[in-house]
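Results of the structural survey
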Amino acid sequence: MTVLVIAEHDGAGIASATLNTVAAAGKMGGDIHLLVAGQGVAAVAQAAAQITGVAKVLVADNAAYAHQLPENVAPLVAELGTGYSHILAAATSNGKNILPRVAAALDVDQISEIISVVSADTFTRPIYAGNAIATVQSTAPVKVITVRATGFDPVAAQGGSAAVEAVAAVHDAGTSSFVGEELAKSDRPELTAAKVVVSGGRGMQNGDNFKYLYALADKLGAGVGASRAAVDAGFVPNDMQVGQTGKIVAPQLYIAVGISGAIQHLAGMKDAKVIVAINKDEEAPIFQVADYGLVADLFEAVPELEQAV
Amino acid sequence: MKVLACIKRVVDYNVKVRVKADNSGVDLANVKMSMNPFCEIAVEEAVRLKEEGVATEIVVVSIGPTTAQEQLRTALALGADRAILVESAEDLTSLAVAKLLKAVVDKEQPQLVILGKQAIDSDNNQTGQMLAALTGFGQGTFASKVEVAGDKVAVTREVDGGAQTVSLSLPAIITTDLRLNEPRYASLPNIMKAKKKPLEVLTPDALGVSTASTNKTLKVEAPAARSAGIKVKSVAELVEKLKNEAKVI
């Protein structure tokens, strides 16, 4: 039994979600191989080889794999993956984009966003926005699985010494091309990896008022998120959205400010270790999951909190 | 250009579902059912493409039980021209649904297929990508902007770090994200008109598609409950608790 993990990377370094995915692979048993597909990814492959628990790194370095176009990367993974017992990717926007295309090419069902490994063929995953947990067994010869990073503690990025092997196969479907990207630039920690997350909801009233949250976040070294209501209202960009259809976070501390607590939002943050809710509506559902609730006007409480920490 | 919009009948997004006592699934008896919210966005995008003169015909398709005809009628009222139901009472996996949709694509030969990025019941986020694999079409998943020009479509996608734009050759598959558009409501006259629009019913057998699955759901349980904590009276008390009790700051 050998598990193939698709490395998530930006061309320069390995994304932290890969470390959680390798941890999940470790629970399935057998060797772990890591696939780094991209263009000019020698440095990424070297970093991949250091990850604890990885036995071999496969490097597919070709212009066709730049920007991780699924039309080209999925056939590569399907071709390499046939000899493996499992193919895993982190449930990031990239993993979600590529892996179902791999599963269909291999004619097997995929299991999405597992949060635990029961055995080598049985896994649990949330359904209905986390209001139910399904235990799913796969009889597929190759089990194709995306991994929710928050379900698994990451392995160490250092300490391994895997062999690095080049893959010559080139798949270029010619049906798609990369045009451009606009990536948000922030000095704050990435939401899904942050130890502390401060999120704002409709109660923030406008995008400008998020400055109170940024100030608090910078004091705490926190990432800043938002509810779907705040995104829909145009306060902040969608990549800040925490919830069923946004990012799933499980920080040590989650501070929900002016967020009522719709089930779709709770689905994205209820695995946080400690939840703090600040809301002036004492009936807000967010208080039902908060460890510490403060019924207060956020425009007074947040600056006061920023001063106090 | 013909556009195929795919929709799923799911539990309404406002319903808080309960797990059945025998752990066989969630209790859907007497629960309000609706069109999956992402599928509403898919139908809306197809209608807008027709209003812009890009699309000439919109075919809406659903794979599901007989009752999914309600959601197909809704899509017809929103502006789709005709509907196809591939009737199956079984709980199908995304791969089975993608295979059935592939058969419909072969039959209808659309230039663009628009689906929701995920259904809010199974939360799989697989079908569009799988359909793209089976058809060999390019895929623009999690779309926040769609622009058709000539024989290409430019799709701006919501990705973890921001937005990415790709160009796909037609025919292509698109899956919708929340910000692609804001779906309209069906007007009463259009609801009445929709009743007369054609709705074809097919079966997996008639399409020659096997819906066998490699996944088996062993049980469905309620998640571990998170109990409510305490209310603090002041910011000072909150900070004290976070420092000394929870030890997280």
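Values in this document were obtained by computation on a predicted structure and should not be read as measured data.

1. Structural notes on the overall build of chain B
- Across its full length, chain B holds seven helices and 13 strands.
- Residues counted as buried form 50% of the 249 residues belonging to chain B.
- Here the analysis covers contacts within chain B between residues at least 6 apart in sequence; of these, 69% occur between residues at least 24 apart.

2. Quick word on the domain arrangement of chain A
All names here are of chain A.
- Each assigned domain of chain A is listed with its residue range as follows: domain 1 (2–166) and domain 2 (196–308).
- Here the C-alpha centroids of domain 1 and domain 2 sit 31 Å apart.
- With five residues of domain 1 at the interface, the matching set in domain 2 holds nine residues.

3. Some points on the sheet that holds strand β5 (residues 110–114) of chain A
All names here are of chain A.
- Read from one edge to the other, the open sheet built from seven strands follows the order β5-β9-β4-β1-β2-β3-β10, with strand pairing classed as parallel. The open sheet has two edge strands with one neighbour each: β5 and β10 (163–166). Sheet twist, expressed as the mean angle between neighbouring strand axes with direction ignored, is 25 degrees.
- The sheet contact formed by strand β1 (residues 2–6) and strand β2 (residues 31–38) spans five bridges and is parallel. Of the residues in β2, the one forming a bridge with T2 is D31.

4. Notes on the sheet that holds strand β8 (residues 152–159) of chain B
- Overall, mixed pairing links the ten strands, which are arranged β11(A)-β9(B)-β8(B)-β7(B)-β10(B)-β6(B)-β1(B)-β4(B)-β5(B)-β11(B) in an open sheet. Taken across any chain shown, the strands that pair with only one partner, and hence form the sheet edges, are β11 (176–183) of chain A together with β11 (199–202) of chain B. Strand after strand, the sheet turns through a mean of 30 degrees between neighbouring axes, direction not considered.
- Lying on the sheet, helix α1 (residues 37–51) of chain B is in contact with β1 (2–7), β4 (57–64), β6 (112–116), β7 (138–149) and β10 (172–176) of chain B; it crosses β1(B) at an angle near 165 degrees.

5. Regarding the packing of helix α3 (residues 70–81) of chain A against helix α4 (residues 93–105) of chain A
All names here are of chain A.
- Close contact between α3 and α4 brings their axes to 8 Å; oriented N to C, the two are set at 50 degrees. As summarised for this structure, α3 and α4 are arranged oblique, according to the angle between their axes. Seen from above, α3 lies across α4 with right-handed handedness. Where α3 approaches α4, its residues P70, V73, A74, P75, V77, A78 and G81 are matched on the opposing element by N97, I98, R101, V102 and A105.

6. Things to note about the pairing of strand β14 (residues 253–257) of chain A
Residue and element names in this part refer to chain A.
- The element β14 is extensively covered by neighbouring structure, given that five of its five residues are classed as buried.
- Across five bridges, the pairing between strand β12 (residues 196–200) and β14 is parallel. Within β14, the position partnered with G200 by the bridge is V257.
- As defined by bridge partners, β14 adjoins strand β15 (residues 274–279) across five bridges and the pair is classed as parallel. Residue I255 lies in a different strand from β15, and its bridge partner there is V276.

7. Overview of the interface of chain B and chain A
- On the side of chain A, 68 residues touch chain B, which itself brings 65 residues to the contact.
- When residues of the side of chain B that touches chain A are traced back to their parent elements, those giving at least two are α3 (94–108), α4 (127–135), β7, β8, β9 (162–169), β12 (215–221), β13 (230–232) and α7 (235–244) of chain B.
- No other element matches the eight residues that β9(B) contributes to the side of chain B that touches chain A.
- Residue composition of the side of chain B that touches chain A, grouped by class: 32 nonpolar, 21 polar and twelve charged.
- With six bridges joining them, strand β8 (residues 132–138) of chain A and β12(B) adopt antiparallel strand pairing. Residue pairing for β12(B): A:S138 is matched across the bridge by B:N215.

8. Thoughts on the environment of A:L69
Residues and elements named next belong to chain A.
- Summarising the element assignment, L69 is placed in the loop between β3 (56–61) and α3.
- Considered as a pair, L69 and A157 are 88 residues apart in the sequence and their alpha carbons are 26 Å apart.
- Beyond its immediate chain neighbours, meaning those up to four positions away, L69 contacts S176 and F178.

9. Observations regarding the pairing of β15(A)
Residue and element names in this part refer to chain A.
- Buried residues dominate β15, accounting for six of its six residues.
- Burial along β15 is two-sided: V274, V276 and I278 facing one way and I275, A277 and N279 facing the other are all buried.
- As for the winding sense of the linkage, the β-α-β connection from β14 through helix α7 (residues 263–269) to β15 is right-handed.
- Sheet topology places β15 next to strand β16 (residues 292–295); four bridges connect them, and they run parallel. Its bridge partner being in β16, N279 is matched across the sheet by V295.

10. Describing unusual backbone geometry
- Geometrically, the link from B:L170 to B:P171 is a cis peptide bond, its omega value of 0 degrees lying close to zero.
- Its location among the elements puts B:P171 in the loop between β9 and β10.
- A positive phi angle, near 55 degrees, is found at A:E113, a position not held by glycine.
- Summarising the element assignment, A:E113 is placed in strand β5.
- Located in the positive-phi region is B:D123, a residue other than glycine, with phi close to 50 degrees.
- Positionally, B:D123 belongs in the loop between β6 and α4.

Reading the values: rules and limits
- Along each chain, residue indices are assigned from 1 in the same order as the chain's sequence is written.
- Lettering of chains starts at A and numbering of ligands starts at 1, both following the order in which they are written.
- This being a predicted model, a pLDDT of at least 70 is required before a residue's local features are given, and a value of 80 or more before pairs of side-chain atoms are given or counted; all residues contribute to the totals for chains, interfaces and linings.
- Only DSSP runs of H or I with at least four residues qualify as helices, and only runs of E with at least two residues qualify as strands; both kinds are numbered from the N terminus onward.
- Backbone-placed C-beta atoms define the burial measure: a residue is buried with 20 or more other C-beta atoms within 10 Å of its own, exposed with 12 or fewer, and partly exposed in between.
- Our contact criterion uses C-beta atoms placed from the backbone: two residues qualify when those atoms are within 7 Å.
- Domain limits in this description derive from either an automatic procedure or a database domain assignment.
- One requirement defines pairing of two strands: DSSP has to find at least two bridges between them.
- Between N-to-C directions, angles span 0 to 180 degrees; the directions come from axes that are lines fitted to C-alpha atoms, helices contributing only their stretch in contact.
- Roughly parallel here means an angle under 35 degrees, roughly antiparallel means over 145, roughly perpendicular means 65 to 115, and every remaining angle is called oblique.
- Crossings are sorted by hand: turned counterclockwise from the far helix by less than a right angle, the near helix makes the crossing left-handed, and turned clockwise it makes it right-handed.
- All amino acids are sorted into three groups, where Ala, Val, Leu, Ile, Met, Phe, Trp, Tyr, Cys and Pro are nonpolar, Asp, Glu, Lys and Arg are charged, and the leftover types, Gly among them, are polar.
- Convention used here: a crossover is right-handed provided that the path from the first strand, over the helix, to the second strand proceeds clockwise when the strands point away from the viewer.

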